[in-house]
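Now for the letters of each chain:
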Amino acid sequence: MLWGFKSPLAHYSYCVSRSTQIKTQYSIRTTQYEIMAQITFLGTAASIPSKARDNTSFVFTNKKESFLVDCPGSTPYKLLNVNIDFRKIKNIIITHHHPDHIYGITSLIHAQAFRSNEPITILSSTPSIKIIKKLTELFHLNRNQFPRIKFIDVYKTPVFFKNQDTQIQAIPNKHTVQSFGIKFSFGKKALLYSSDTCFSLEMLEKASPFDYLIHDCTASSSYFKKYPAIKSMHTHSRQLARYLHKHSDLKLIPVHFLTVEKNEEKRIRKELSICKKQVVWVKDGQRIQL
Ligand SMILES: [Zn+2]
Ligand SMILES: [Zn+2]
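Keep in mind the model is a prediction, meaning the values are calculated, not measured.

Engineer: Can you walk me through the overall build of the chain in this structure?
Structural biologist: The helix and strand tally for the chain stands at ten helices and 14 strands. Going through the 290 residues of the chain one by one, you find that 45% of them count as buried. Long-range pairs, those at least 24 residues apart, make up 62% of the contacts in the chain with a sequence separation of at least 6.

Put into structure tokens, the structure is as follows:
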């Protein structure tokens, strides 16, 4: 039983890129309907995608507000395939400026040409904002037909977004200069997204308490042994299993899988199997209710 629902299928719907199946989905029209907190995964892979998984990004929605978190390639297309109108995406959080988290942003802005006068708000850190500004200049996206971009530095205030339903904070992680995880608080619940990070108790304690954890799970411990250079940047599945073991109320959604080696996803799943009741495996295009 997952998250209070009678079966795993009852609590999330799986959207795949087939229009016939999409017809069975409800549509996210953030301006018309209120939607309870949910996450729609657009991608779940690390920097190198696989056939089944593209670079990690997702949409967090609560009531009338939606936030796109990170923006790799083909984001408008992926949003269409999960029945989210990409022209209505107006809040974008960029956790850091590695290409797999940022490179699609110019294409998303470009795809929003002539849509309305409403600006896009990009919430990020100073180094990433600098890069986004350069990219938009390079592609001439400051012309009139494209939405105006408003930048918000997430580190300027302890809470970078707040309305009556949702509060969002940047939690520094251990990955690159000013990179950050994101804590979403909604109702009596909270979710932490670690973004890319090596395992950091400091970050997890700073963000506590939270009910759901979407965490970097780049590879298995054996992969990390083979390629120790990634230790300072990412987390392996055994580290997450140990953490879950001590936090039995927590639900983990592992993401950012690097599965270039054969059977790597199997090794990751095996290491997390000791806490299998706490782990929710998601596919690209999948939507979960929180
Ligand atoms: Zn990444
Ligand atoms: Zn990264």
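There is more to say after this.
Engineer: How do you make sense of unusual backbone geometry when you look at a structure like this?
Structural biologist: Most peptide bonds are trans, and most residues other than glycine sit at a negative phi. Here the residue pair S208 and P209 is connected by a cis peptide bond, since its omega of -5 degrees sits within 30 degrees of zero. Even without being glycine, F114 reaches a positive phi, approximately 60 degrees. Among the secondary structure elements, F114 is positioned in the loop between α5 (105-111) and β6 (120-124). When the 9 C-beta atoms within 10 Å are taken as the criterion, F114 is described as exposed. In this structure, N263 is a non-glycine residue whose phi angle is positive, near 65 degrees. Along the chain, N263 falls in the loop between β13 (251-255) and α10 (264-272).

Engineer: Teacher, can you tell me more about the environment of K277 here?
Structural biologist: Among the secondary structure elements, K277 is positioned in the loop between α10 and β14 (286-289). Residues K277 and S248, spaced 29 residues apart in sequence, show a C-alpha to C-alpha distance of 9.3 Å.

Engineer: Would you take a moment to explain the nonpolar core for this structure?
Structural biologist: Side chains of a nonpolar character, in soluble globular proteins, are inclined to be buried together. Counting 65 residues, the largest nonpolar core has V69, I92 and I182 as its most contacted members. Not counting chain neighbours up to four residues away, the residues in contact with I92 comprise L68, C71, I105, I120 and I122.

Engineer: Whenever I open this one, the environment of F199 confuses me. Can you help?
Structural biologist: Mapped onto the elements, F199 comes out in the loop between β11 (189-193) and α7 (201-207). When the C-alpha atoms of F199 and H215 are compared, they prove to be 9.2 Å apart, with 16 residues separating the residues in sequence.

Engineer: Would you mind going over the packing of helix α9 (residues 237-246) against α10 with me for this structure?
Structural biologist: Packed helices, taken two at a time, are described by the angle between their axes plus the distance between the axes. Close contact between α9 and α10 brings their axes to 8 Å; oriented N to C, the two are set at 20 degrees. Compared by their axis directions, α9 and α10 come out roughly parallel. Judged by the twist between their axes, the crossing of α9 over α10 is right-handed. Counting all contacts with α9, which are made through S237, R238, L240 and A241, the residues of α10 involved are I268, E271 and L272. Taken together, the residues of the contact of α9 with α10 sort by class into four nonpolar, one polar and two charged.

Engineer: I tried to follow the pairing of strand β12 (residues 212-216) on my own but got confused; where do I start?
Structural biologist: Successive residues of a regular strand alternate their side chains across the two faces of the sheet. In terms of residue burial, β12 counts as a mostly covered element, since five of its five residues are buried. Where β11 lies against β12, three bridges are found, and the strand directions are parallel. Bridged to L191 within β12 is Y212. The parallel pair β11 and β12 is bridged by α7, and the resulting crossover is right-handed. The pairing of β12 with β13 spans five bridges and is parallel.

Engineer: It is not clear to me how the pairing of strand β7 (residues 149-153) should be interpreted in this structure. Could you clarify?
Structural biologist: Note that β6 and β7 share five bridges and pair parallel. Counted as the bridge partner of I122 is F151 from β7. For the crossover from β6 across helix α6 (residues 126-138) to β7, the handedness is right-handed.

Rules used in this analysis
- Residues numbered from 1 in each chain as written.
- Chains lettered and ligands numbered in written order.
- Predicted model: local features only at pLDDT ≥ 70, side-chain atom pairs only at ≥ 80, totals over all residues.
- Helix = DSSP H or I, 4+ residues; strand = E, 2+ residues; numbered from the N terminus.
- Buried ≥ 20, exposed ≤ 12 C-beta atoms within 10 Å, placed from the backbone.
- Contact = placed C-beta atoms within 7 Å.
- Core = buried A, V, L, I, M, F, W, Y, C linked by C-beta atoms within 7 Å.
- Axes fitted to C-alpha atoms, helices over the stretch in contact; angles between N-to-C directions.
- Parallel < 35°, antiparallel > 145°, perpendicular 65-115°, else oblique.
- Left-handed = near helix turned anticlockwise from the far one by under 90°.
- Nonpolar A, V, L, I, M, F, W, Y, C, P; charged D, E, K, R; others polar.
- Pairing = 2+ DSSP bridges.
- Right-handed = clockwise from strand over helix to strand, strands pointing away.

Bear in mind that shape data such as this cannot, by itself, settle questions of function.
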